[in-house]
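# Secondary and tertiary structure notes
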Amino acid sequence: RKPNLAVVGATGAVGTVMLGILSSREDVWGEIRLIASPRSAGRKLTVRGEEVEVVALSEEAFDGIDVAMFDVPDEVSAQWAPIAAAKGVIAVDNSGAFRMDEDVPLVVPEVNAAAARIRPRGIIANPNCTTLTMMNGLAALHSEYGLKELVVASYQAASGAGQPGVDALRDQIKQVAGTGVGEMAGDLRAVITDNGPFPAPLVLNAVPWAGSLKEDGWSSEELKVRNESRKILGLPDLKVSATCVRIPVITTHSLAVHAVFEREVTQARAQEILRDAPGVVLYDNPEAGEFPTPNDVVGTDPTWVGRVRRSIDDPTALDLFICGDNLRKGAALNTAQIAEVVAAELTTA
Ligand code: 2RA
């Protein structure tokens, strides 16, 4: 029989994208049950062309379920994924609660699908969207050249901070439209009364902050990029420095990456590797004005790589610009792909 799937957090920003993805991919699921907070219970949502009533999160909601995807805040996952797992459900979790737990695999199917089979806690973690944006491309380059070091600057979209982030940016756009604001130091702060989840006005601005403050001035988002890249690529000593920046884009994260390898690289071979890499589109012809931008990429499944250059000063280093839809490959799509890996395993078992 086909395994039964639960989508926990079905009404959130990622959950909404998830229902669209489940409706358009090959259908490997029996029942798809939609679960959300009691506040959203009773709502009807469409998945696979059918209306399904949302049920409230409870232990019984997992009865008869084989695989449950969690797109909920860390604390909700921390509480409920183990409850589901204790009932024999395989939990695929898109929160930060379990990513660095050594008994929980952190999976990008194009890179380390086999890791999904070893899950002592019955939980598989989905990486953070910023890390995910660069993993497919970097894993392909790593297998040829041997990755040593990453220096990353992110350009992250408002929807990474969920619906409140999108709402705040849209409100701020309305507040500045038609005004001359943005030409004098601090004038944005005088006009924008609500920064939403961001620590400064986002419209007409760039905000070098995502997540919470950790030791020595690093943000949680920057540490995620470092720690998760190491775990996914199986490179515990990989040197990683990230600076995470929010920009006024609704959806699609971008990363400027400086990657240093063990061996010398060439631009042409690196482009060839990226062209052949699963889940990657090489879009790199600056002469014709072709390079990925967040707005061209939003709503698509692959990660898009352009501006591929060999460092002028280091023949072992490449510079790249990568864009990926943070709600799709950065969240819902990768979670769905992991769940499909598990479904294939359960179906052939
Ligand atoms: C962000 N990476 O963009 C986070 C969301 N998971 O804020």
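Residues numbered from 1 in each chain as written. Predicted model: local features only at pLDDT ≥ 70, side-chain atom pairs only at ≥ 80, totals over all residues. Heavy atoms only, no water.

## Quick word on the sheet that holds strand β2 (residues 32–36)
Each strand in a sheet pairs with its neighbour through backbone hydrogen bonds, running either in the same direction (parallel) or in the opposite one (antiparallel). Read from one edge of the open sheet, six strands run β5-β2-β1-β6-β7-β8, paired in parallel fashion. Because the sheet does not close on itself, it has two edges, and the strands there are β5 (55–56) and β8 (123–125). Running over the sheet, helix α2 (residues 74–86) touches β6 (67–70), β7 (90–93) and β8 and is turned about 175° from β6. (Pairing = 2+ DSSP bridges. Helix = DSSP H or I, 4+ residues; strand = E, 2+ residues; numbered from the N terminus. Contact = heavy atoms within 4.5 Å. Axes fitted to C-alpha atoms, helices over the stretch in contact; angles between N-to-C directions.)

## Some details on the sheet that holds strand β12 (residues 280–282)
Strand order in the open sheet formed by six strands is β10-β9-β11-β14-β13-β12, with mixed pairing between adjacent strands. For this open sheet the edge positions go to β10 (239–246) and β12, each flanked by a neighbour on one side alone. Here the strands of the sheet are splayed against their neighbours by 20° on average, with no regard to which way each runs. Where β12 and strand β13 (residues 303–310) come together, three bridges link them in parallel fashion. Following the sheet pairing, Val281 is matched in β13 by Trp304. Sitting on the sheet, helix α7 (residues 220–233) touches β9 (147–156) and β10, and the angle it makes with β10 is about 135°. Across the sheet, helix α8 (residues 267–276) is in contact with β12, β13 and β14 (317–324); its angle to β13 comes to roughly 170°.

## Concerning the packing of aromatic side chains
As enumerated under the stated definition, the model contains four aromatic pairs in all. Seen from their ring centres, Phe62 and Phe70 are 5.9 Å apart, and the 25° between their planes marks the pair as stacked. Per residue, the accessibility class of Phe62 equals that of Phe70, and both read buried. (Phe/Tyr/Trp six-rings, centres within 6.5 Å; stacked < 30°, edge-to-face > 60°. Buried < 20%, exposed > 50% of the residue type's maximum accessible area, 1.4 Å probe, protein only.)

## Comments concerning the UniProt feature "active site" (unreviewed entry) in the protein
According to UniProt, the feature "active site" (unreviewed entry) maps to Cys129 and His253 in the numbering used here. A maximum C-alpha distance of 7.8 Å places the annotated residues, which cover 125 residues in sequence, within one compact spot. Lining the largest pocket, from the set of annotated residues above, are Cys129 and His253. With respect to the helices, strands and loops of the structure, Cys129 is situated in helix α4 (residues 129–145). Not counting chain neighbours up to four residues away, the residues in contact with Cys129 comprise His253, Asn326 and Gly330. Among the secondary structure elements, His253 is positioned in strand β11 (residues 253–261). (UniProt positions renumbered as here; feature names shortened; annotations may be inferred. 1 Å grid on protein atoms, 1.4 Å probe; cavity = no way out; pocket = protein on both sides within 12 Å on 5 of 7 lines; lining within 4 Å.)

## Section: the site of the ligand
If you check the shell around the ligand, you find Asn128, Cys129, Thr130, Gln156, Gly160, Glu221, Arg246 and His253 and nothing else. Between the ligand and Gly160, the relevant distance is 3.2 Å, taken from an oxygen atom to a main-chain nitrogen or oxygen of the residue. Judged by the proximity of its atoms to the pocket grid, the ligand belongs to the largest pocket. (Near = heavy atom within 4 Å. Polar contact = N/O pair within 3.5 Å; in protein donor to acceptor, adjacent residues only side chain to side chain. Sits in = over half its atoms within 2 Å of the grid points.)

## Regarding the packing of α4 against α8
Interaxial distance between α4 and α8 falls to 9 Å at its minimum, and their mutual angle equals 125°. The orientation of α4 with respect to α8, classified from their angle, is oblique. α4 and α8 meet at a crossing whose hand is right-handed. Across from Gly137, Ala140, Leu141, Glu144 and Tyr145 in α4, the residues of α8 making contact are Arg269, Ala270, Ile273 and Leu274. Grouping the amino acids of the contact of α4 with α8 by side-chain chemistry returns six nonpolar, one polar and two charged. (Parallel < 35°, antiparallel > 145°, perpendicular 65-115°, else oblique. Left-handed = near helix turned anticlockwise from the far one by under 90°. Nonpolar A, V, L, I, M, F, W, Y, C, P; charged D, E, K, R; others polar.)

## Observations regarding the nonpolar core
Phe62, Phe70, Met134, Leu141, Leu150, Val257 and Leu320 are the most contacted members of the largest nonpolar core, which has 58 residues in total. Broken down by element, the residue count for this core peaks at eight residues, all from α4. When residues no more than four places from it in sequence are discounted, the contact partners of Met134 are Leu150, Val152, Val225, Ser229, Leu255, Val257 and Ile322. (Core = buried A, V, L, I, M, F, W, Y, C linked by side-chain atoms within 4.5 Å.)

## Quick look at the UniProt feature "binding site: NADP(+)" (unreviewed entry) in the protein
Within this structure's numbering, the places UniProt gives as "binding site: NADP(+)" (unreviewed entry) are Thr11, Gly12, Ala13, Val14, Arg39, Ser40, Ser159, Gly160 and Asn326. Judged by maximum C-alpha separation, these annotated positions cover 316 residues in sequence and are scattered in space, the widest gap reaching 26.1 Å. If you take the residues mentioned a moment ago, the ones lining the largest pocket come down to Thr11, Gly12, Ala13, Val14, Arg39, Ser40, Ser159, Gly160 and Asn326. Exposure remark for Ser159: the relative accessible area of 5% places this residue in the buried category. Once residues within four sequence positions are removed from consideration, Ser159 is found in contact with Val166, Ile250, Thr251, Asn326 and Leu327. Secondary-structure assignment places Gly160 in the loop between β9 and α5 (162–176). Excluding residues that lie within four positions of it along the chain, Gly160 makes contacts with Arg246, His253 and Asn326.

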